[in-house]
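# Secondary and tertiary structure notes
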Amino acid sequence: MTETDPNAFPSDAQVPAEDEIVAGPDAGYRWKHLLMAVLVIAGGLWFAYDGWVRWPAENTRADKVQKDKDAAEQERVVDKEKVEKLSRELSELKRHTELDLLFQKVLAFTLPTFGLIWGIWTLKDTRGQYRMAGNTLTAPGHPPITYENIRRIDKRKWDRKGVAFIHYEHGNPPTPAVMKLDDFAYERRATDAILQRIEQNVLTTQIPGAPR
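What this report covers is the structure whose coordinates are included nearby. In this text, all values refer to a predicted model and were calculated from it rather than measured experimentally.

## Description of the nonpolar core
Y130, I166, M179, I194 and I198 are the most contacted members of the largest nonpolar core, which totals 25 residues. Considering every element that reaches this core, the biggest residue donor is helix α5 (residues 188-201), with four residues. If sequence neighbours within four positions are ignored, I194 has contacts with I21, A23, Y130, R131, M132 and L137. Within the second largest apolar cluster, six residues are counted, among which are A62, V65, A72 and V83.

So, in structure tokens, the structure goes:
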């Protein structure tokens, strides 16, 4: 984590003109997560089919075969071949308890709900772009952030997860806020370049023992 001295910023005249850096959503990250959401929703629909259609139909079939077998065994002249055939068919059928059906129905509700939330979160987490132009950073859901607004940079999750948190202030009176830079969700090379430019242009003092 890096602490920033708010009184130690270079003036705009001291900041050299720099090329714009744009980091869009990482296509692989986005589609991998959206595919996972679709699979979870599809799994829920499969459980719904089992809970309301296939398994009840199997129970109905098992009941009918059992009834036919009982009737065949009670006939005056027992048709052994018919009884054996019905016994084989009955052994291949599985009866599903009410608890089994309830479990399938619960999954039929929870999995699509989770998949829908996951998909919406993915789209929200990868919307828009990170854009660094001159000394101003813009990102979805945040006002423009200049070097003067930044108070500290938290990189404790950077090496392991590619996530850094930019702590800044905006408005009058100043309101603290945090912006996340994620080089897994957004194009890695451009996101890393944006963070590097911020670090190069924000004069910082290091907290002892904290990772830079």
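Having seen it, we continue.
## Regarding a negative patch on the surface
Taken together, the side chains of E75, D79, E81 and E84 define an acidic patch exposed on the protein surface. Using a relative accessible area of 36% as the deciding quantity, one classes D79 as partly exposed.

## Some remarks on the side chain of H167
Along the chain, the position of H167 falls in strand β7 (residues 163-170). Residue classification places H167 among the buried residues on the basis of a relative accessible area of 15%. The contact partners of H167, leaving out residues within four places of it in the chain, are N149, I150, R151, R152, D154, A177 and V178.

## Some details on the packing of aromatic side chains
Under the defined criterion, the tally for this structure stands at five aromatic pairs. Aromatic side chains W52 and F109 sit 6.0 Å apart centroid to centroid with 85° between the ring planes, which places their arrangement in the edge-to-face category. Taken together, the residues W52 in helix α1 (residues 27-73) and F109 in helix α3 (residues 98-125) connect sequence positions 57 residues apart. Among the residues examined, F109 registers a relative accessible area of 58% and is labelled exposed. Ring pairing ties together the aromatic residues F114, W118 and W121, which thus form one cluster.

Calculation criteria
- Residues numbered from 1 in each chain as written.
- Predicted model: local features only at pLDDT ≥ 70, side-chain atom pairs only at ≥ 80, totals over all residues.
- Heavy atoms only, no water.
- Core = buried A, V, L, I, M, F, W, Y, C linked by side-chain atoms within 4.5 Å.
- Buried < 20%, exposed > 50% of the residue type's maximum accessible area, 1.4 Å probe, protein only.
- Helix = DSSP H or I, 4+ residues; strand = E, 2+ residues; numbered from the N terminus.
- Contact = heavy atoms within 4.5 Å.
- Patch = residues over 30% accessible without salt bridge, like charges linked within 9 Å, V, L, I, M, F, W, Y side chains within 5 Å.
- Areas by Shrake-Rupley, 256 points an atom, 1.4 Å probe, with all protein chains shown as cover.
- Salt bridge = Lys/Arg side-chain N within 4 Å of Asp/Glu carboxyl O.
- Lys, Arg positive; Asp, Glu negative; His and termini not counted.
- Charge placed at Lys NZ, Arg CZ, Asp CG, Glu CD.
- Phe/Tyr/Trp six-rings, centres within 6.5 Å; stacked < 30°, edge-to-face > 60°.

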